[in-house]
Amino acid sequence: MIKRIMAKLQKLPVETNLKPFHKTLIEIHALGESLKLLSIEGLKARIPELDTQAKIFAVVIEASHRLLGLRPFDSQILAGLALFEGFVIDMKTGEGKTLAAAAPNIANALAGRKVYLLTFNDYLAKRDSDLLLPIYEFFGLTVGIIQADMSSDERRLAYQSDIIYATAREVGFDFLRDQLCLYSHQTVLSKLDVAIVDEADSILVDEARIPLVISGDVHQPNEHLNTVSKAVRDLVKSVDYDTDKHHSNAHLTDIGTHKIEKLFNCENIYDVEHLPLLTSVNLALHAQALLMPDIDYIVKNNGIKLIDEFTGRIAENRRWPDGMQSALEAKEGLAVKKEGQTLGSITLQHLMSLFKKISGMSGTAVLAAEELHQLYHLMSCVIPPRRPCMRIDKPDRVFVDSKTKDSAICQEIAAIHKTGQPILIGTPNISESERLHALLVENGITGQLLNAKNDQDEAHIIAGAGALGAVTICTNLAGRGTDILLGAGVKDVGGLHIIGTSRFESRRIDDQLRGRSARQGDPGSSQYFVSLTDKLFNHFTEDEFGSIKERPGELKPKVALDKKIAHAQRVIEGANLERRKTLYKYSEVVEQQRRGFQKLREEILHQNGVEAFIEDVDERWQGLSNISNDKRTEALIIVVLYNLDKVWIEYLSEIEYIKEGIHLNGAMGTSSLFGGSEPYHVFIRQAHEVFEHLMGKLKDAVVDTFNSVFIDENGIDPDSELFDMTKSTSSYVVVDNPFDGMDSQFASKIRQKMKKLGFKSGILD
Ligand code: ADP
Ligand code: MG
């Protein structure tokens, strides 16, 4: 068994040989012996002499023992060494990753590198840095914490620290905001050296492609929206519109098209002049037919809140692309918010690549080893648990239909509940969690419900989830990073039992749920209930699972069946990886240009190279000779930055436009429009052309602005519109492809168009 696992691991980018770390570990222990006799002052006196990694680690261990009352276990020291070497460590939940990161953080900081510990959320940034603060301070190191509600002055101060605890998102938003500053003293971020990413698979893989966006300069949404939304509400499925089998795309039928055309009094909705209407109709149809309340989003405080598919939480500051967000607001009868203009954007993956060195930690890193290697060239490394995991993972119970599955789940819960063993039930979404909760109540079992609708009570509910007799129903959140402690007597009845009501599309997420149980050698158990009607199997044809789609009921446990389920998950994970890589390839083009652009902007911001423009604005420059050189230069810098930003904003919107064109083309399965070249190369060429073209206009724009702006001995009038662009901004992340492919909207447009033209459909499926 072990051999088989090892053989499997060896094929993955996973380091299984910990021998070199063990050698250092022995050295650390040897050094540690003499430290035990020192007074705390004596220990502190050693700090200036710490010239090797082993010596630093030894003092961190002793300091941790004295200051926190926690002596790091060998597994934590090994983990620390691996982190320092740049590995992503796989270390199970509850094994103490927070403390393990202290030594590598200190070793890096003492070497003069700025250290970022990127946490899963704001709460953990605070919790984890508070825990370790005494050790960091003992080493004379300063610690900064970034929280979403902090002002830019507070942020700037925090980023000055040696070690910074923050979410990757907050760092990203600060990065984007810095790109918009007109004075160098307004920027907040400092150099990005070393990062340790906690819950690395979630941040680095699941969220890799999520673009962080900063926007401003609002404009009104499409005027048609509300009327269109009303019209679409009356359309009938299978008559007026259809959806594909993956439920990832919706399109009007001919009947539906005629209805819309009649309603909006247009002869042919596919005429170019009706494009805005067609877009609104498509968006409204997607919002109506494909996005479900309590699965994809919830309505809260008169707004649309997105649900994170991996954590089941409300994803604050996350939106669909503007048009879709507005269409949803219209669907739910909410006031449609204004749409913003993108001022800057970066994906999390690109943000991470700005760090000189990254490493990470997670309880489920190995399952993402392939992705971590392909996306970041990171190696993973398994740190064995301190005590062997005692959890009993029972084989899946597989059902043909959901009804039998439901009643089996209820029976199982009732039976276990009788014994007093606490049960944590993971469901795929809010509506499922509520359905199951109701079902249990019908069966006389009251459970605690925990989902994005009441996650403010999370800490409280989780704290009780390990108590004798507790039944907790949650979406797949149940918090990364939070602890479920067992109540008195629970160990005797077998610890926490986990029931998963369906398998997720990624085995990692399944394992995260399982990992809530049997921490640190505690007893515990888990079992998944699967029905062939589950979403996981939507992607597969009848053929692949058809042979076992028989009468309703439970299927006999079979190895072949387990293999098929695992296979289904791997296929989807593989497809997701491919998609991430393709998206990355495209965004890489933009990222390279962004870097070139940023370099130029930074030079100007720090007053380098602005002289080159003086010649261009010579006339006005001379005319302002009564104004000091400093003030004139400052004014020119602002004018140049203002115009640079305008170029970049225009570039970003052009890029979106080009992408749409490429999708149209790609969706048609032909590159004839581009003379046979590959869409990717066309994209590169066009992106470069746009960039060159826009930069070519920069000089004239600078001259125009400089000539027209009001400048006196105080410099540019502070009320000038030049300062407006970035005055009010908002930052959020965008779900860039809510549906199956990022081209779905456009594919459906084309599909309709081709139908009109008499082509057979099916080309796009
Ligand atoms: P993980 O992030 O790996 O899930 P945490 O860092 O949250 O785990 O730690 C889990 C628990 O273990 C915490 O309550 C922590 O205080 C405790 N812990 C960590 N290291 C030690 C240690 N060396 N000795 C005793 N308790 C420890
Ligand atoms: Mg943790």
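For the structure itself, consult the block above.
Described below are features of the structure shown in this document. Owing to the predicted nature of the structure, the values given are computational and were not obtained by experimental measurement.

With respect to the packing of helix α5 (residues 74-84) against helix α7 (residues 102-110)
Closest axis-to-axis distance for the α5/α7 pair is 7 Å, and the angle between their directions is 40 degrees. Classed by the angle they form, the pair α5 and α7 counts as oblique. In this structure, α5 crosses over α7, and the sense of that crossing is right-handed. From α5, Gly 80, Leu 83 and Phe 84 reach across to α7, where they touch Pro 104, Ala 107 and Asn 108. For the contact of α5 with α7, the residue count by class is four nonpolar, two polar and no charged.

A closer look at the site of ligand 1
Around ligand 1 lies a shell of 17 residues, among which Arg 71, Gln 76, Gly 94, Lys 97 and Thr 98 are the nearest. Here an oxygen atom of ligand 1 and a backbone polar atom of Glu 95 are 3.4 Å apart. Note that an oxygen atom of ligand 1 is positioned 3.3 Å from one of the side-chain N or O atoms of Gln 520. Protein coverage of the free-state accessible area of ligand 1, which is 570 Å², stands at 75%. Top contributing element to the shell around ligand 1 by residue count: helix α6 (residues 97-100), with three residues. Per-class residue counts for the shell around ligand 1 are four nonpolar, six polar and seven charged.

Topic: a nonpolar patch on the surface
Taken together, Val 236, Val 239 and Ile 255 make up a surface patch of nonpolar side chains, about 240 Å² in accessible area. Mapping Val 236 onto the fold places it in the loop between α12 (225-233) and β8 (241-243). With relative accessibility at 42%, the residue Val 236 sits in the partly exposed group.

Side note on the nonpolar core
Ranked by internal contacts, the top residues of the largest apolar core, which has 90 residues, are Tyr 116, Leu 118, Met 352, Leu 636, Tyr 651, Phe 706 and Ile 716. In terms of residue count, helix α26 (residues 629-667) provides more of this core than any other element does, 16 residues in total. In terms of nonpolar packing, the next biggest core, distinct from the first, is built from 49 residues, Ile 47, Leu 50, Ala 82 and Ala 102 among them.

A few points about the sheet that holds strand β12 (residues 314-315)
Spatially, three strands are ordered β10-β11-β12 in an open sheet, and the strand pairing comes out antiparallel. Here the strands that pair on one side only, and so sit at the sheet edges, are β10 (297-300) and β12.

A look at the pairing of strand β21 (residues 471-475)
Of all five residues in β21, five are buried, a share of seventy percent or more. Burial along β21 is two-sided: the face carrying Val 471, Ile 473 and Thr 475 and the face carrying Thr 472 and Cys 474 are both buried. Pairing between strand β19 (residues 423-427) and β21: five bridges, direction parallel. Bridge pairing links Ile 423 to Val 471 in β21. Relative to β21, strand β20 (residues 448-450) is paired through three bridges, and the arrangement is parallel. Bridge assignment links Leu 449 to a residue of β21, and that residue is Ile 473.

Let's talk about the pairing of strand β23 (residues 524-531)
Among the eight residues of β23, eight are classified as buried, and the element is accordingly described as predominantly covered. Going residue by residue along β23, you find Gly 524, Ser 526, Tyr 528 and Val 530 tucked away on one face and Ser 525, Gln 527, Phe 529 and Ser 531 tucked away on the opposite face as well. Where strand β17 (residues 392-393) and β23 come together, two bridges link them in parallel fashion. Paired with Ile 392 across the bridge in β23 is Ser 525. Strand direction decides the pairing type here: strand β18 (residues 397-399) and β23, joined by three bridges, are parallel. Across the sheet, the residue bridging to Phe 399 is Ser 531, located in β23. Relative to β23, strand β22 (residues 496-500) runs parallel, the two sharing five bridges. Directly across from Leu 496, in β23, lies its bridge partner Gly 524. As for the winding sense of the linkage, the β-α-β connection from β22 through helix α21 (residues 507-514) to β23 is right-handed.

With respect to helix α19 (residues 430-442)
Along an α-helix, residues three or four apart share an orientation, since each turn contains 3.6 residues. With 13 residues, α19 extends 19 Å from end C-alpha to end C-alpha; this agrees with the ideal 18 Å at 1.5 Å per step. When we look at burial in α19, the residues that qualify are Ile 430, Ser 433, Leu 436, Leu 439 and Leu 440. Each element contacted by the buried residues of α19 is listed here: β10, β11 (303-307), α18 (402-418), β19, β20 and β21. Among the residues of α19, the N-terminal cap falls to Asn 429, whose side-chain oxygen and the backbone nitrogen of Ser 431 are separated by 3.3 Å. Gly 444 occupies a position one or two residues after α19 and carries a positive phi of about 80 degrees.

As for the pattern of salt bridges
Per the counting criterion, the structure on display carries 35 salt bridges. One salt bridge connects Arg 397 with Glu 554, and the closest N-O pair in it is separated by 2.9 Å. You can see Arg 397 sitting in strand β18 and its partner Glu 554 sitting in the loop between α22 (542-546) and α23 (559-605), a full 157 residues away along the chain. The class for Arg 397 is partly exposed, based on a relative accessible area of 22%. Bridged by salt links that share partners, the residues Arg 155, Glu 170, Asp 174 and Arg 177 form one connected network.

Notes on unusual backbone geometry
In the Ramachandran plot, Asp 294 falls in the positive-phi region, its phi being about 70 degrees despite a non-glycine side chain. By the secondary structure assignment, Asp 294 is in the loop between α14 (275-289) and β10. Given the relative accessible area of 18%, Asp 294 is considered buried. In this structure, Ala 518 takes a positive phi of about 60 degrees despite not being glycine. Tracing the chain through its elements places Ala 518 in the loop between α21 and β23.

Basis of the calculations
- Residues numbered from 1 in each chain as written.
- Chains lettered and ligands numbered in written order.
- Predicted model: local features only at pLDDT ≥ 70, side-chain atom pairs only at ≥ 80, totals over all residues.
- Heavy atoms only, no water.
- Axes fitted to C-alpha atoms, helices over the stretch in contact; angles between N-to-C directions.
- Helix = DSSP H or I, 4+ residues; strand = E, 2+ residues; numbered from the N terminus.
- Parallel < 35°, antiparallel > 145°, perpendicular 65-115°, else oblique.
- Left-handed = near helix turned anticlockwise from the far one by under 90°.
- Contact = heavy atoms within 4.5 Å.
- Nonpolar A, V, L, I, M, F, W, Y, C, P; charged D, E, K, R; others polar.
- Near = heavy atom within 4 Å.
- Polar contact = N/O pair within 3.5 Å; in protein donor to acceptor, adjacent residues only side chain to side chain.
- Areas by Shrake-Rupley, 256 points an atom, 1.4 Å probe, with all protein chains shown as cover.
- Patch = residues over 30% accessible without salt bridge, like charges linked within 9 Å, V, L, I, M, F, W, Y side chains within 5 Å.
- Salt bridge = Lys/Arg side-chain N within 4 Å of Asp/Glu carboxyl O.
- Buried < 20%, exposed > 50% of the residue type's maximum accessible area, 1.4 Å probe, protein only.
- Core = buried A, V, L, I, M, F, W, Y, C linked by side-chain atoms within 4.5 Å.
- Pairing = 2+ DSSP bridges.
- Right-handed = clockwise from strand over helix to strand, strands pointing away.
- Expected span 1.5 Å × (residues − 1).

All we've got here are geometric facts, nothing functional implied.
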